[in-house]
Amino acid sequence: MSKQKEMKPTLTLLPVVLFGFSFMALATVFSTYGIAAELSHGMVPGAYLLALVVMLFTAYSYGQMAKVIPSAGSAYAYTQQALNPYIGFLVGWAILMDYLFIPLVNYLLFSIFFSAAFPSIPGYVWILGMLTLVTIINIKGVKLASQANTLITIFTLAFICIFIGFCIKEISAGTGTGSFFNFDAFYNPEQPFSFIVSGAALLCFSFLGFDTATTFAEETIEPKKTIPRAVYIITLTGGFIFIVVAYFAHSVWPDYSTFANPDSAAHEIIKMVGGKTFASFFLAVYAVTAFGSAMSSQASASRVLYVMGRDGQLPKKFFGTLHAKTNTPVNNILLISAFALLSLVLSLGLVASFINFGAFLAFTCVNISVISYFYVRKKERSVKGTLLYLIIPLIGAVLDIWLLINLDSHSKILGSIWFVCGLIYLLFLTKGLKQRPPQMDLTIEQ
């Protein structure tokens, strides 16, 4: 392995977008529907619309930073260069929590669903089988992974289209609201707006994945143009799909209080509109979606570790090298796979509590990075510059902090513990902040 070996740019816009869709897991709209319906008092489409607006602010900031820092380090690289290397390291450490634990959630969900369908097969068999396949694909490189993402996205979109078709048929027959125009799904004047806000706070998590595109910057052709476009497409398209699916689900089953179990509400709706066969199809779709999300999150995390290793903030000989043949960070991929074995012993609730704390912390810092670089350093202070590089990212930062504060107590406690561990390591690395942490000279240009 050569010290000077670099990632090869082979990806175009579509494969990068597909990585984002896989990480985001488009079918997550079904898994969260029942809980979101309870929180929003049935106004799930309205909650998704608000969540989309919130996430667009941060997606905008990621797009702006990707134009000037086309690095696989994503939020870590942006904050390292626009703010300072100390903050950059801590943001990289924080976002790793998101990337490292999302595969665990997918492995656990995969095991839970298929163990229920095939009780004679132990859960660990499903976990180990899926983990092995994901690892092999990611080691082979982004070309094979992007091909897998294409199939996963097509399969998921096909299911969504069929679901909407069944819903249209049921609504036409008078099921549910019996109407294709139901604005109560977005806002019911008889209910406080705070219910929509509560639902949005949960559903913002469905959008986690738009930032994944930025971790493939060094493997993308014309990254300064392609990556920002990918971020916007992933966020807008994902949001549109979530809103449409939620709208039709509400239209065929408007009374959320009649679900037998909110956790499986989507399964009840799917079974009602499409029957048992279609419900079985949903099981297959969810398995494929979990596989795609695990694959994309593992790939993303391995690249953040690679950049931090290349910079010397993690041991370079292990983390900062690429395999001579596959040109992928194999050491990091294998390490993440070993870490994912914790899914054999940890509970879903505990693992889920780790996710989101790091993401919202990183999102906040990326918004602040836009202000620091464009508004402060580059002095973009015209009326247009003030709007684009101060007001919009500031709103994004405030919204992200609000979401961070409103996370459940487990997320904040476990997230804080992870963050403190990173801070202790940073103090060791810099001899008590007396030295600047190692960093790579990434050229920033406007």
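Bear in mind the structure is a predicted one, so any value in this text is a computation, not a measurement.

So, about the overall build of the protein chain. Within the protein chain, the regular secondary structure consists of 17 helices and zero strands. What you see for the protein chain is a C-alpha radius of gyration of 22 Å, in line with the 22 Å of a compact globule of 446 residues. Principal-axis analysis of the C-alpha atoms places the extent of the protein chain at approximately 70 × 60 × 40 Å. Buried positions account for 56% of the 446 residues belonging to the protein chain. Sequence-distant contacts, at least 24 apart, represent 82% of the contacts inside the protein chain between residues at least 6 apart. In the structure as shown, the protein chain presents an accessible area of about 17900 Å², 69% of it carried by carbon and sulfur atoms. The protein chain carries 26 positive and 19 negative side-chain charges, and their two centres are separated by 15 Å.

With that out of the way, let us pick up the pattern of salt bridges. Per the stated rule, a full pass over the model turns up three salt bridges. Across the pair Lys 225 and Glu 222 runs a salt bridge whose closest N-O atoms are separated by 3.0 Å. Using a relative accessible area of 49% as the deciding quantity, one classes Glu 222 as partly exposed.

For the rest of this paragraph, the subject is the state of the cysteines. Evaluation of the coordinates by the stated rule reveals zero disulfides. In this model Cys 167 remains outside any disulfide bridge; the closest cysteine sulfur is found in Cys 161, 12 Å from its own. When its relative accessible area of 0% is taken as the criterion, Cys 167 is described as buried. Of the cysteine sulfurs around Cys 421, a residue in no disulfide, the closest is that of Cys 365, at 18 Å.

A separate point is the nonpolar core. Formed by 142 residues in total, the largest nonpolar core has its most connected members in Phe 30 and Phe 163. In terms of residues, this core owes the most to one element, helix H11 (residues 265-310), which gives 21 residues. With sequence-adjacent residues up to four places away left out, Phe 163 is seen in contact with Phe 30, Val 245, Ala 249, Ile 269, Ile 270, Val 273 and Phe 278.

In contact at an axis separation of 9 Å, helix H4 (residues 44-68) and helix H15 (residues 357-377) are set at 55 degrees when each is read in the N-to-C sense. By the criterion of interaxial angle, the relationship of H4 to H15 is oblique. Handedness of the crossing formed by H4 with H15: left-handed. Between H4 and H15, the contacting residues are Met 55, Phe 57, Thr 58, Ser 61, Tyr 62, Gln 64, Met 65 and Val 68 on the first element and Phe 360, Ala 362, Phe 363, Val 366, Asn 367, Ser 369, Val 370, Tyr 373 and Phe 374 on the second. Split into classes, the residues belonging to the contact of H4 with H15 amount to twelve nonpolar, five polar and no charged.

Conventions used here
- Residues numbered from 1 in each chain as written.
- Predicted model: local features only at pLDDT ≥ 70, side-chain atom pairs only at ≥ 80, totals over all residues.
- Heavy atoms only, no water.
- Helix = DSSP H or I, 4+ residues; strand = E, 2+ residues; numbered from the N terminus.
- Rg over C-alpha atoms; globule rule 2.2 N^0.38 Å.
- Buried < 20%, exposed > 50% of the residue type's maximum accessible area, 1.4 Å probe, protein only.
- Contact = heavy atoms within 4.5 Å.
- Areas by Shrake-Rupley, 256 points an atom, 1.4 Å probe, with all protein chains shown as cover.
- Lys, Arg positive; Asp, Glu negative; His and termini not counted.
- Charge placed at Lys NZ, Arg CZ, Asp CG, Glu CD.
- Salt bridge = Lys/Arg side-chain N within 4 Å of Asp/Glu carboxyl O.
- Disulfide = S-S within 2.5 Å.
- Core = buried A, V, L, I, M, F, W, Y, C linked by side-chain atoms within 4.5 Å.
- Axes fitted to C-alpha atoms, helices over the stretch in contact; angles between N-to-C directions.
- Parallel < 35°, antiparallel > 145°, perpendicular 65-115°, else oblique.
- Left-handed = near helix turned anticlockwise from the far one by under 90°.
- Nonpolar A, V, L, I, M, F, W, Y, C, P; charged D, E, K, R; others polar.

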